[in-house]
Amino acid sequence: MHIFIFFLSKALPSSMIIVAVYCPVIAAVFIVLKMVNYRLHRALDAGEVVDRNANEFKDQRAKAEQGNCSIRRKDSNGPSDPGGGIEMSEFIREATPPVGCSSRNSYAGLDPNNQIGSGSSRLGTATTIKGDTDTAKTSDDISLSLGQSSSLCKEGSEEQGKFSSTLYETGGCDMSLVNFEPAARRASNICDTDSHVSSSTSVRFYPHDVLSLPQIRLNRLLTIDTDLLEQQDIDLSPDLAATYGPTEDAAQKVKHYYRFWILPQLWIGVNFDRLTLLSLFDRNREILENVLAVILAILVAFLGSILLIQGFFRDIWVFQFCLVIASCQYSLLKSVQPDSSSPRHGHNRIIAYSRPVYFCLCCGLIWLLDYGSRNLTTTKFKLYGITFTNPLVLISARDLVIVFTLCFPIVFFVGLLPQVNTFVMYLCEQLDIHIFGGNATTSLLAALYSFICSIVAVALLYGLCYGALKDSWDGQHIPVLFSVFCGLLVAISYHLSRQSSDPSVLFSLMQSKIFPKTEEKNPEDPLSEVKDPLPEKLRNSISERLQSDLVVCIVIGVLYFAIHVSTVFTVLQPALKYVLYALVGFVGFVTHYVLPQVRKQLPWHCFSHPLLKTVEYNQYEVQNAATVMWFEKLHVWLLFMEKNIIYPLIVLNELSSSAETIASPKKLDTELGALMITIAGLKLLRSSFSSPTYQYVTVVFTVLFFKIDYEAFSETMLLDLFFMSILFNKLWELLYKLQFVYTYIAPWQITWGSAFHAFAQPFAVPHSAMLFVQAAVSAFFSTPLNPFLGSAIFITSYVRPVKFWERDYNTKRVDHSNTRLASQLDRNPGSDDNNLNSIFYEHLTRSLQHSLCGDLLLGRWGNYSTGDCFILASDYLNALVHLIEIGNGLVTFQLRGLEFRGTYCQQREVEAITEGVEEDEGFCCCEPGHVPHVLSFNAAFSQRWLAWEVIVTKYILEGYSITDNSAASMLQVFDLRKVLTTYYVKGIIYYVTTSSKLEEWLANETMQEGLRLYADRNYVDVDPTFNPNIDEDYDHRLAGISRESFCVIYLNWIEYCSSRRAKPLDVDKDSSLVTLCYGLCVLGRRALGTASHHMSSNLESFLYGLHALFKGDFRISSIRDEWIFADMELLRKVVVPGIRMSIKLHQDHFTSSDEYDDPTVLYEAIVSHEKNLVIAHEGDPAWRSAVLANSPSLLALRHVMDDGTNEYKVIMLNRRYLSFRVIKVNKECVRGLWAGQQQELVFLRNRNPERGSIQNAKQALRNMINSSCDQPIGYPIFVSPLTTSYSDSHEQLKGILGGPISLGNIRNFIVSTWHRLRKGCGAGCNSGGNIEDSDTGGGTSCISNNAPTASDPHSTVSQGSIGNPGRGSGAGLHPPVTAYPPTLGTSHSTHSVQSGLVRQSPARASVASQSSYCYSSRHSSLRMSTTGFVPCRRSSTSQISLRNLPSSIQSRLSMVNQMEPSSQSGMACVHHGLPSSSSSSQSIPACKHHTLVGFLGTDGGQSSSAPDAPPGNTLSPANNAHAKKGEVIYRVQIVDPSQILDGINLSKRKELQWPDEGIRLKAGRNSWKDWSPQEGMEGHVIHRWVPCSRDPGTRSHIDKTVLLVQIDDKYVTVVETGVLELGAEV
């Protein structure tokens, strides 16, 4: 093609004749080539392979004689094979085919009557083998050529029948098909031919890379062919045949060819195979690819010929341009693989279209620039002294593109242009960021979507701006339409800045709203219950943000419209602009420079510790979430004010002052001016909303440069800010590149990873003169500057977007959901540490998704911008976090986790980032020391020559602590195995007795029939798998496990478990329940023995069997256990949980060996573990689901087979707060090192695992960064998908700024405010004469139960008679009381309960009775006695008037006075009568307040419990606990979360006696799940533990009072000094 177009351009005149001739020729050639190539590949996929020897070519008459019995090609779906099969005939065995044909097919069948003659001709008979044609269609690497033919005729004196078999793959199984044909049919296929026909033809399958050597041998064995059995491997492999030397058959020089059918009756022979065809042409799998290739080829020919005839090239450059055209066209036929810009190994289908697409773009650009230079209008577009409409400028640009096009061979060889999809993504992203102020994008679809959204926004705003500019302007009047434009501009910019570029979640939300029932679950699918909560969480976040934007955008639009229309931007000039400039400079400097520096680990690389420390900085182990500090709140508010108030005001001010000038005819005119105003305003506002980190530098520099230094060059401040923001973006990138280069090649710290590095180091010195130019060019185009082979020589790579890796590589965890069952049972896939440990990085990703955006806004990661890279390092977790998209309240990131046990180089770099530099006392060559809290000279110098810096050393993030114990050491002794077996049996008994299907199992006749043998009292199971060393109920006399011995050991446990059921069952030695338990326990232990290969005495075998049962691999080997098949739920819900629970109980056995001897303690322990602990195999999808659901604790038995190790570990995970070091890495360092690794491995094909470019370099963390690349370039154990974190999910940030403002939240705020107002008014708007004054000295009264003395005959209190008949309707609300002896001489503070009388809210009725208890305040000097409560005494300040009470309440109080003491069950006797309600001057003693409040709970027909409610539903557990202990109830507020005892409920020492076991299980972090108590939360105290109390139930284990606080449905144990008392709970 090159020569053709070259001579065509020289032979014909420069006219359209060249185009008319060249383009049709190219079109015809490419259509023919692509069609033939496509058909050839199809023929090779399902075609015939024909073999023939050399004699056939010499004898031409053979072809004519073959016409009598020619080979007929039949359709696979023809009448002869209605099933879509293939008929194939094979007559004789030929020599081994050439290398290109792969291994030949096997043979089957031999007529015993036939004999093999050495020199005679052979007659073959046909055999038919049918198979599915689809099995012959494979991938590129595995191709199976199929032939279709009928019988052939042969001549000879002897007949020998050979039958062939083919190998088919059906459903993953290999089957050898052998078909023997009757002799009669063989005889009918024989035809007479001339004796001189010596050629023989055979049609075979040639399965490329499908048939393996053992399979072929097996097929030969199945043929029972003695001749084939004697044949050696030389007949199987061409390579082996060459080793053994030439054979007699090989001397025939057999050739083969494929039949390529042109027409139904016309075919030609193709004498090459697929590999030969692939070496000539690329394969296009789809018809669309072929059509696209033809179109691109024609387009290249058309544009190239157009440029040729227009005379853009002369002399030798015509030849060069024709060469470029030919190379672009040839790449559509055969592309360069691998290309220097290919991001992946192997064949890259996209890279083939790169050259023609870039050629078309360049040719189109050349033509447009030339057309523009010749057809310029009179309008001049001039900025900063440069006239962009000058023809000379356009001609220079055209010539530059021409030179670039002629350099295509060099450009693509070096790899300066990416593949097409990467370039489109890069182009859209760069335009969106620098022109429209958008964010980075995560994919090609996201880039196109974001770019289109920006264009739509500009189009909507352009009309308003244009209309406003057409209106009249003057110095003091701005059109209202322009104010409307400004308000909409701010609102739209705010909305666009808060939207993610990836529309997939938004589309998913729309789909869920429009089609809510599209997701159908299969109830039989075991994975249907496993649901990832992240997609739903993301959809909810998007929904909340959209609802918030609906309100906020309207408010912002109206607010800024009102500000702008008020003429504040015209009246207050010029003072307003300078105030705004000074304000943005001060706020930006404090927010983005001073605060981040003083919070760094090494501020200004001078100090040895942060100047502003967090609470957790000096804590050795963090127990709670990070505490919000005052400087974090200051940072949030300054940032909020900066980006939501200051920057919008600056932009609106510049819009108002610059719009008229820009739209004037002297500048850009109205049309172009309106466009520039819209684009500049949108860009400045969006960028300030999204990432205001470095905006203050741009604004301050622009003001100083264009207002003081070069005011004459200013093109209005609006355009100055617009262009300077682009320039500063590139300057920051240039600064990062230079920092990386100079740090990497610093002579005093360079590390030579190989001999080439030492060789390249001196040659890099002259190259460094050009390095600055390279860095500038790379910064302009945003390309990485990568070290060549890791050396000191840097080269420029191709352009990349912010997401600079092009493969969407995500780690796919290997578990039982994506592996075959056979492999799970035999090979245990995914058992290596890396696969199992990847779940911790996945959980870390989810934790970051929840909190990362909020932590960034709180300043906990320092300054950040788009594309920044951080490393999180802890004891065992090391992960690289790349921030891709940074929006207004959102961050999209990706996490890459490294190996737990890294390489030597990785460990050296981990040590570098974790070592402390404050101990360094060096100063050059001596060690004089350093000033306290200041780094030494050497330490400060070394910290400045690093491509990374430690931001914070105590970053708190929720994660899992990993504890692994060797199972071998835990089960080494027989006694410990016996303990495990005992807990195994008890676990089975527990799960079978607590199952809801127990009655069904006991009534199952099939089970009863199978268990009839076990029902015999004298039955004994003497299976040899039982061992007296590990089975506690082993009967030595009977040498087995008898029913009697089983009952002796476990009957007590069965009885207790049965008694805990709602309906206890009959439990005796002969009961069916005991029989079922006995049968299950025998079955479970027999399964354990079977899995252990009946060698339980061997530790390795025992552990193997234990692990097999733990993962659910139960083998029922005994006929006596087949009754279990009646209901497999017994295995899944009883035996499997039993073996898993036994491991946890066995672990608890080490802490307290005798604790579980008590059935109650063991039962409660199992119940607690069921609620708070997830026990599963790590390959079970439930394990991953539990980890991602933030389960508090998990346990698994791990079998590790890695690097020759074979060990078993018990893995325990506990969710807690982990401490990480946050290291910020130079992002250009990461981009450059990754680009260098891709070029070295993919293009240069350096597969040396110890190559020099990945050796450790502490100054750049080279090994850790390169290890985090996508496989196979790097080797991370986990790569997360691109994940978006939203600020709305951060609770601490919401506590500072408030949650999202939506219509629903506004309504909830109004309702809650109204309730608070009612509560406050009810508590404070009482008359002064009826309020108890706590400051009154002397005779104060205690608002307590009217407790009788010990001698009172009616002092017996019933606590269980809440629902007894004869009780008043309000009596159920009165908590039972305990009699306390009177205590004299102790004064108590009293509090009014009138607020409880005036409020009759049903919601407070449940706690109304609790308001009658005394309580002591730590803010008062008066304390309650630790021995009890004082008796009730009358006091003028403790009596409440009856005037304001409702008549129904007054009547009830009158009834109380007439009640008999015996009828008041659950209450103390009333010793003081009450006056009637008519006596308004009478009052109620304080000791009767509880009675009054109890009546209030049922006033108005609203009762706290229904009359027929069952007992126990009247009082909550908290109330019951309070009733038992007589504790006080009052409200408190948490002021110090560090005083919370979140683990005291799980202590084995039992320091505290809890009022109720159910409360104990809920009063800790094990029950709180995702919830945690925070500062400011309020609740009421339901129990108190006092130091040195006589009552053990109220005795504290420390020297401080401990409170049990109920917050909503959660229980919190906190020291009294950590709360603030708010008053009585009413």
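Predicted model only: the values in this text are computed from it and were never measured.

### Considering the overall build of the chain
Reasoning step 1: From N to C terminus, the chain includes 50 helices and 34 strands.
Reasoning step 2: Taking all 1626 residues of the chain together, 54% fall into the buried category.
Reasoning step 3: Looking at the chain alone, contacts between residues at least 24 apart form 76% of all its contacts between residues at least 6 apart.
Reasoning step 4: Looking at the chain as shown, the accessible area adds up to about 71600 Å², and 59% of this sits on carbon and sulfur atoms.

### So, the side chain of Gln943
Reasoning step 1: Tracing the chain through its elements places Gln943 in helix α30 (residues 937-944).
Reasoning step 2: When residues no more than four places from it in sequence are discounted, the contact partners of Gln943 are Leu602, His605 and Val917.

### Looking at the pattern of salt bridges
Reasoning step 1: Evaluated as defined, the whole model comprises 49 salt bridges.
Reasoning step 2: A salt bridge links Asp370 to Arg374, with the nearest nitrogen and oxygen atoms 2.8 Å apart. With Asp370 and Arg374 both in helix α12 (residues 354-374) and four residues apart, the pair spans about one turn of that helix.
Reasoning step 3: The class for Arg374 is exposed, based on a relative accessible area of 51%.
Reasoning step 4: In this structure, Glu958 engages Arg1215 in a salt bridge whose closest nitrogen and oxygen atoms are separated by 2.6 Å. Linking Glu958 in strand β20 (residues 948-966) with Arg1215 in strand β25 (residues 1205-1225), this pair joins segments that are 257 residues apart in sequence. The pair formed by Glu958 and Arg1215 is uniform in burial state, with each residue classed as buried.

### Thoughts on the nonpolar core
Reasoning step 1: If you look at the biggest cluster of nonpolar residues, it comprises 122 residues, and the most contacted ones within it are Leu848, Trp861, Leu883, Phe1046, Leu1080 and Trp1123.
Reasoning step 2: Sort the elements by how many residues they give to this core and helix α36 (residues 1072-1091) lands first, with 12 residues.
Reasoning step 3: Not counting residues within four places of it along the chain, the set of residues in contact with Leu1080 comprises Ile988, Val992, Trp1123, Ile1124, Leu1130, Val1134 and Val1135.
Reasoning step 4: Membership of the second largest hydrophobic core comes to 65 residues, among which are Met425, Ala468, Tyr647 and Leu652.

### Notes on the confidence of the model for the chain
Reasoning step 1: This prediction gives the chain a mean pLDDT of 74; 70% of its residues lie at or above 70.
Reasoning step 2: Counted against residues more than four places away or in other chains, residues 54-58, with its pLDDT under 50, gives eight contacts.
Reasoning step 3: Within the model, pLDDT remains below 50 along residues 1326-1527, and this stretch shows 309 contacts once partners closer than five positions in the same chain are excluded.

### Points about the pairing of strand β17 (residues 869-873)
Reasoning step 1: Along β17, five of the five residues are buried, which leaves the element largely enclosed by surrounding structure.
Reasoning step 2: In textbook terms, the turn of a hairpin is the stretch between consecutive antiparallel strands, and for β17 and strand β18 (residues 878-887) this stretch comprises four residues.
Reasoning step 3: Here five bridges tie β17 to β25, and the two strands are oriented antiparallel to one another. Across the sheet, the residue bridging to Cys869 is Val1225, located in β25.

### As for unusual backbone geometry
Across the chain, the bulk of peptide bonds are trans and the bulk of non-glycine residues have phi less than zero.
Reasoning step 1: Looking along the chain, the bond that leaves Gln337 and enters Pro338 is cis, with omega of -5°.
Reasoning step 2: Tracing the chain through its elements places Pro338 in the loop between α11 (316-333) and α12.
Reasoning step 3: The step from Gln573 to Pro574 runs through a cis peptide bond, and the omega angle for that step is 0°.
Reasoning step 4: Mapped onto the elements of the fold, Pro574 is located in the loop between α20 (568-571) and α21 (575-599).
Reasoning step 5: The backbone phi angle of Thr567 is positive, close to 60°, even though this residue is not glycine.
Reasoning step 6: Its location among the elements puts Thr567 in the loop between α19 (534-565) and α20.
Reasoning step 7: One non-glycine residue with positive phi stands out, namely Arg1245, at about 60°.
Reasoning step 8: By the element assignment, Arg1245 lies in the loop between α41 (1227-1243) and α42 (1262-1267).
Reasoning step 9: Classification of Arg1245 by relative accessible area gives partly exposed; the value is 47%.

### With respect to a negative patch on the surface
Reasoning step 1: Taken together, the side chains of Glu918, Glu919, Asp920, Glu921 and Glu927 present a region of like negative charge at the surface.
Reasoning step 2: By the secondary structure assignment, Glu921 is in the loop between α29 (904-914) and α30.

### A look at the packing of helix α10 (residues 287-309) against α12
Reasoning step 1: Their axes nearest at 10 Å, the elements α10 and α12 cross at an angle of 30°. Helix-helix and strand crossings are classified by hand; for α10 and α12 the assignment is left-handed. Contacts between α10 and α12 involve Leu296, Leu299, Val300, Leu303, Gly304 and Leu307 on the former and, on the latter, Pro356, Val357, Phe359, Cys360, Cys363 and Ile366.
Reasoning step 2: Grouping the amino acids of the contact of α10 with α12 by side-chain chemistry returns 11 nonpolar, one polar and no charged.

### Concerning the pairing of β25
Reasoning step 1: For β25, a buried count of 15 out of 21 residues is recorded, marking the element as mostly surrounded by other parts of the structure.
Reasoning step 2: The sheet contact formed by β20 and β25 spans 16 bridges and is antiparallel. For Ser966, the partnering residue across the bridge sits in β25 and is Lys1209.

### Topic: the environment of Gln601
Reasoning step 1: Note that Gln601 resides in the loop between α21 and α22 (630-662).
Reasoning step 2: Judged by relative accessible area, which is 10%, Gln601 ranks as buried.
Reasoning step 3: Look past the residues within four positions of Gln601 in its chain and what remains in contact with it is Phe607, Ser608, His609, Pro610, Tyr617, Val950, Ile951 and Thr953.
Reasoning step 4: Side-chain polar atoms of Gln601 contact the side chain of Thr953, separated by 3.3 Å.

### A look at the packing of aromatic side chains
Reasoning step 1: By the definition in use, this model includes 58 aromatic pairs.
Reasoning step 2: With centroids separated by 5.6 Å and ring planes inclined at 35°, the aromatic side chains of Phe321 and Phe359 adopt a geometry described as tilted. Residue Phe321 is found in helix α11, and its partner Phe359 is found in helix α12; the two are separated by 38 residues along the sequence.
Reasoning step 3: Given a relative accessible area of 0%, Phe321 falls into the buried group.

### Here we look at the packing of helix α17 (residues 480-497) against α22
Reasoning step 1: Where α17 contacts α22, the two axes come as close as 11 Å, and the packing angle between them is 145°. Read as a crossing pair, α17 and α22 show a hand that is right-handed. Touching Phe482, Cys486, Leu489, Val490 and Tyr494 of α17 are Asn644, Leu652, Leu655, Ser656 and Ala659, all from α22.

### Comments concerning the side chain of Asn37
Reasoning step 1: Position of Asn37 among the secondary structure elements: in helix α2 (residues 16-45).
Reasoning step 2: Setting aside chain neighbours within four positions, we find Asn37 in contact with Leu277, Phe281, Asp282 and Arg283.

### As for helix α15 (residues 420-434)
Reasoning step 1: With 15 residues, α15 ought to run about 21 Å at 1.5 Å a step, and its terminal C-alpha atoms sit 21 Å apart, in line with that.
Reasoning step 2: The element α15 is largely enclosed, with a buried count of 11 among its 15 residues.
Reasoning step 3: Taken together, the buried positions of α15 are Val420, Thr422, Phe423, Met425, Tyr426, Cys428, Glu429, Gln430, Asp432, Ile433 and His434.
Reasoning step 4: Structurally, α15 contributes buried residues whose contacts are with α12, α16 (444-470), α23 (669-690), α25 (717-744) and α26 (755-781).

Each value, and the rule that gives it
- Residues numbered from 1 in each chain as written.
- Predicted model: local features only at pLDDT ≥ 70, side-chain atom pairs only at ≥ 80, totals over all residues.
- Heavy atoms only, no water.
- Helix = DSSP H or I, 4+ residues; strand = E, 2+ residues; numbered from the N terminus.
- Buried < 20%, exposed > 50% of the residue type's maximum accessible area, 1.4 Å probe, protein only.
- Contact = heavy atoms within 4.5 Å.
- Areas by Shrake-Rupley, 256 points an atom, 1.4 Å probe, with all protein chains shown as cover.
- Salt bridge = Lys/Arg side-chain N within 4 Å of Asp/Glu carboxyl O.
- Core = buried A, V, L, I, M, F, W, Y, C linked by side-chain atoms within 4.5 Å.
- pLDDT = per-residue confidence, 0-100.
- Pairing = 2+ DSSP bridges.
- Patch = residues over 30% accessible without salt bridge, like charges linked within 9 Å, V, L, I, M, F, W, Y side chains within 5 Å.
- Lys, Arg positive; Asp, Glu negative; His and termini not counted.
- Charge placed at Lys NZ, Arg CZ, Asp CG, Glu CD.
- Axes fitted to C-alpha atoms, helices over the stretch in contact; angles between N-to-C directions.
- Left-handed = near helix turned anticlockwise from the far one by under 90°.
- Nonpolar A, V, L, I, M, F, W, Y, C, P; charged D, E, K, R; others polar.
- Polar contact = N/O pair within 3.5 Å; in protein donor to acceptor, adjacent residues only side chain to side chain.
- Phe/Tyr/Trp six-rings, centres within 6.5 Å; stacked < 30°, edge-to-face > 60°.
- Expected span 1.5 Å × (residues − 1).

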